[in-house]
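Close look at the chain arrangement
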Amino acid sequence: MKIKRAKLRKMKKRLFASTMIFGLAIVLSSCGGDNKTTSGEVKTTTDLGKTTTETKTNLGSYTIEVYDLDGELVGNETLSTQEYPSLWEGLNAKFDVKAKDSDGSHYITSINQTVQDKSFSLMIYENDVLASSGVDGIVVDNGDKFTFKNECWNTVESGLGTMDSYEVLLDQAIYHYAKTKMKASIFQSTSCFDGIYWQSISLYYMMKNNYDSNLFNLNSYSDAYKESITNANLDDLPNATPWASEANYAKWYYAARLFDTDLTKFKEVYGTYLDNLTTYGSEYVMPFSLSIAKELGLDNKIKDEVKNPTFRASLQYGTDALAWQITGMALYNTLEDSEMNVFTSDAIHQAVNDFGADLSTSIANILFPLVAMNKNPRDFALDESNTDLIKYLFDNCYDKEEMVFETEKLGTGDYSSNQIYASLMAYKIQRDQKKAVNIFA
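Let us look at the structure shown here. (Residues numbered from 1 in each chain as written. Predicted model: local features only at pLDDT ≥ 70, side-chain atom pairs only at ≥ 80, totals over all residues. Heavy atoms only, no water.)

Another aspect to go through is the overall build of the chain. Each helix and strand counted, the chain has 16 helices and 11 strands in total. Among the 441 residues that make up the chain, the fraction classed as buried is 51%. Accessible surface, the chain as shown: approximately 21,100 Å² in total, 47% of it carbon and sulfur. (Helix = DSSP H or I, 4+ residues; strand = E, 2+ residues; numbered from the N terminus. Buried < 20%, exposed > 50% of the residue type's maximum accessible area, 1.4 Å probe, protein only. Areas by Shrake-Rupley, 256 points an atom, 1.4 Å probe, with all protein chains shown as cover.)

Attention now goes to the layout of surface pockets. Roughly 420 Å³ of volume is contained in the largest pocket. Looking at the largest pocket, it is lined by 16 residues, and the ones nearest its centre are Asn154, Thr162, Arg431, Asp432 and Lys434. Broken down by element, the lining of the largest pocket gets its largest block of residues, four residues, from helix 16 (residues 414–433). (1 Å grid on protein atoms, 1.4 Å probe; cavity = no way out; pocket = protein on both sides within 12 Å on 5 of 7 lines; lining within 4 Å. Points joined across faces, edges and corners; volume = space filled by probe spheres on them.)

Interhelical geometry of helix 6 (residues 247–256) versus helix 7 (residues 264–275) gives an angle of 155° and a closest axis separation of 12 Å. In terms of orientation, helix 6 and helix 7 fall into the roughly antiparallel class. Crossing handedness for the pair helix 6 and helix 7: left-handed. Each of Tyr249, Trp252 and Tyr253 in helix 6 lies in contact with helix 7, whose residues at this interface are Phe266, Val269, Tyr270 and Tyr273. Tallied by class, the residues present in the contact of helix 6 with helix 7 amount to seven nonpolar, no polar and no charged. (Axes fitted to C-alpha atoms, helices over the stretch in contact; angles between N-to-C directions. Parallel < 35°, antiparallel > 145°, perpendicular 65-115°, else oblique. Left-handed = near helix turned anticlockwise from the far one by under 90°. Contact = heavy atoms within 4.5 Å. Nonpolar A, V, L, I, M, F, W, Y, C, P; charged D, E, K, R; others polar.)

On to the environment of Gln172. Mapped onto the elements of the fold, Gln172 is located in helix 3 (residues 165–188). Residue Gln172 is classed as partly exposed on the basis of its relative accessible area of 21%. For the pair Gln172 and Val115, spaced 57 residues apart in the sequence, the C-alpha separation amounts to 9.8 Å. Not counting residues up to four positions away in its chain, the partners in contact with Gln172 are Leu69, Asp70 and Met403.

Attention now moves to empty space enclosed by the protein. Per the stated rule, a full pass over the model turns up one cavity of 30 Å³ or more. In this structure, the largest cavity spans a volume of roughly 40 Å³. Taken together, Glu246, Ala247, Tyr249, Ala250, Tyr270, Tyr273, Val285, Phe288, Ser289 and Ile292 make up the lining of the largest cavity. When residues of the lining of the largest cavity are traced back to their parent elements, those giving at least two are helix 6, helix 7 and helix 8 (286–295).

Pairing in this open sheet of five strands is mixed, and the strands run 4-3-9-7-8 from one edge to the other. A single partner strand is all that each edge strand has here, and the edge strands are strand 4 (73–80) and strand 8 (129–130). Alignment of strand 3 (residues 61–67) against strand 9 (residues 145–152), held across five bridges, turns out to be parallel. Note that in strand 9 the partner of Glu65 across the bridge is Thr147. Across the sheet, helix 2 (residues 87–94) touches strand 3, strand 4, strand 7 (120–126) and strand 9, and the angle it forms with strand 3 is around 60°. (Pairing = 2+ DSSP bridges.)

Where helix 3 contacts helix 4 (residues 197–208), the axes come no closer than 10 Å and their chain directions differ by 125°. Between helix 3 and helix 4, the angle is such that the two are oblique. Relative to helix 4, the crossing made by helix 3 is left-handed. Each of Tyr177, Met182, Ser185 and Ile186 in helix 3 lies in contact with helix 4, whose residues at this interface are Gln199, Ser202 and Leu203. For the contact of helix 3 with helix 4, a count of residues per class yields four nonpolar, three polar and no charged.

Attention now goes to the environment of Asn217. With respect to the element layout, Asn217 can be found in the loop between helix 4 and helix 5 (223–230). Overall, Asn217 belongs to the buried group, its relative accessible area being 18%. Sequence-wise, Asn217 and Met206 are 11 residues apart; in three dimensions their C-alpha atoms are separated by 9.1 Å. A distance of 3.1 Å separates a polar side-chain atom of Asn217 from the backbone oxygen of Asn214. Reaching out from Asn217, the side chain makes a polar contact with the backbone nitrogen of Asn219 at a distance of 3.0 Å. (Polar contact = N/O pair within 3.5 Å; in protein donor to acceptor, adjacent residues only side chain to side chain.)

Turning our eyes to something else, we now look at the packing of aromatic side chains. Scanning the model with the defined rule gives 27 aromatic pairs in all. Seen in terms of ring centroids, Phe405 and Tyr421 are 5.5 Å apart; in terms of plane orientation they differ by 70°. Their pairing is edge-to-face. Of this pair, Phe405 sits in strand 11 (residues 404–405) while Tyr421 is found in helix 16, placing the two residues 16 residues apart along the sequence. The ring of Tyr125 has Lys149 sitting right over it, with the charged end atom 4.8 Å from the ring centre. Note that Arg257 overlies the ring of Tyr204, its terminal NZ or CZ placed 3.8 Å from the centroid. (Phe/Tyr/Trp six-rings, centres within 6.5 Å; stacked < 30°, edge-to-face > 60°. Lys NZ or Arg CZ within 6 Å of the ring centre and 35° of its normal.)

Take the pairing of strand 4 next. Relative to strand 4, strand 3 runs antiparallel, the two being bridged by seven bridges. Bridge pairing in strand 4 places Tyr62 opposite Leu79. Turn length for the strand 3-strand 4 hairpin, with the two strands adjacent in sequence and antiparallel, is five residues, and the turn residue Gly71 shows positive phi of about 90°.

The subject of this paragraph is the side chain of Asp388. Checked against the element boundaries, Asp388 lands in the loop between helix 13 (367–372) and helix 14 (389–397). Separated by 2.9 Å, the side chain of Asp388 and the backbone nitrogen of Lys391 make a polar contact. Apart from residues no more than four positions distant in its own chain, Asp388 is found in contact with Pro377, Arg378, Phe380 and Ala381.

Okay, here's the thing in structure tokens:
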């Protein structure tokens, strides 16, 4: 039985206001008595008819803290109880609040640009205890501490959802990366031919599938980066970098589609490239070639030997070349599960030990073909203990305290870590939206 969204919010004591707000004090009057007060005072009448004046106990200050889903403190304010006697007043005055109004009550979706994701919501803790009413129904008292935490409600543990602790951790890892390294590297990039095409691919897919627009947008791209797209010599893209490479077609294309660039000239140039393509200068180029042809409607130019190459990369240097090839082929072929048989724990560790491939990248790359084939990575076991791929990756390759993979921790290159997060985002989209996701197309 499905539980309606409104009921979920009620069960989780969300941010909806209570339908009735009780006063902090009841003012009793005697015959003809004047009960008007000055600020901070309350007049009460005893059984004997004697009127006394008391100072409100809630005069003073209270604090509001806001934590994002990765644990980052994004807001911390101390406010006057006199100036802002309700939590909503204080919150709305001192923080950047996004909220939906429902019959006069507020459902908060974001504070200071906390991540918005359908499986996470901002929970209110009043003095470290989950609040019993919504934000509109809370009257503050001196010394109160209110903590807003962006937490996953869609969990198996809560009985309300489907995500286990590894799925929650995966989402936290993705968003932490997007807020920090991904955003910074895009901001620093000055050319579409540099190393950020993995970020551009990932950003495109998160935007296309309507994930948090405050986080996944084009605002961080520099003018120099945009100019490198418009000023590129499309007739000679392989030589756009000091090291000539067919991959430059893909780098330019994945950047250009972000900004709705006119592709007429590029389509003509790329069609000529495909006419002459019978084999690849590098096995890494294959998925890019197949995917761009698919998107541009140039399928008829893809030769059979290019769709189904007789060669396969091996796991000798890690999984990327082979995994990418299978991912590219999934655009044109119905692939069997047997395509994935080569990806075993022993084979991957052998490649890592013998040739220095990075373990976290090698494992994460297996996500690309699995989600392209619409296979659930949680059903794919790397070893005889039946540890699924996601659990294996986070148990063996991820530092939960620092929120980084081993390749990031060792400083072995942003290129590898960007592949990891691209694969995780592809899986997240597949998981959330229940559809095949080919990250290259």
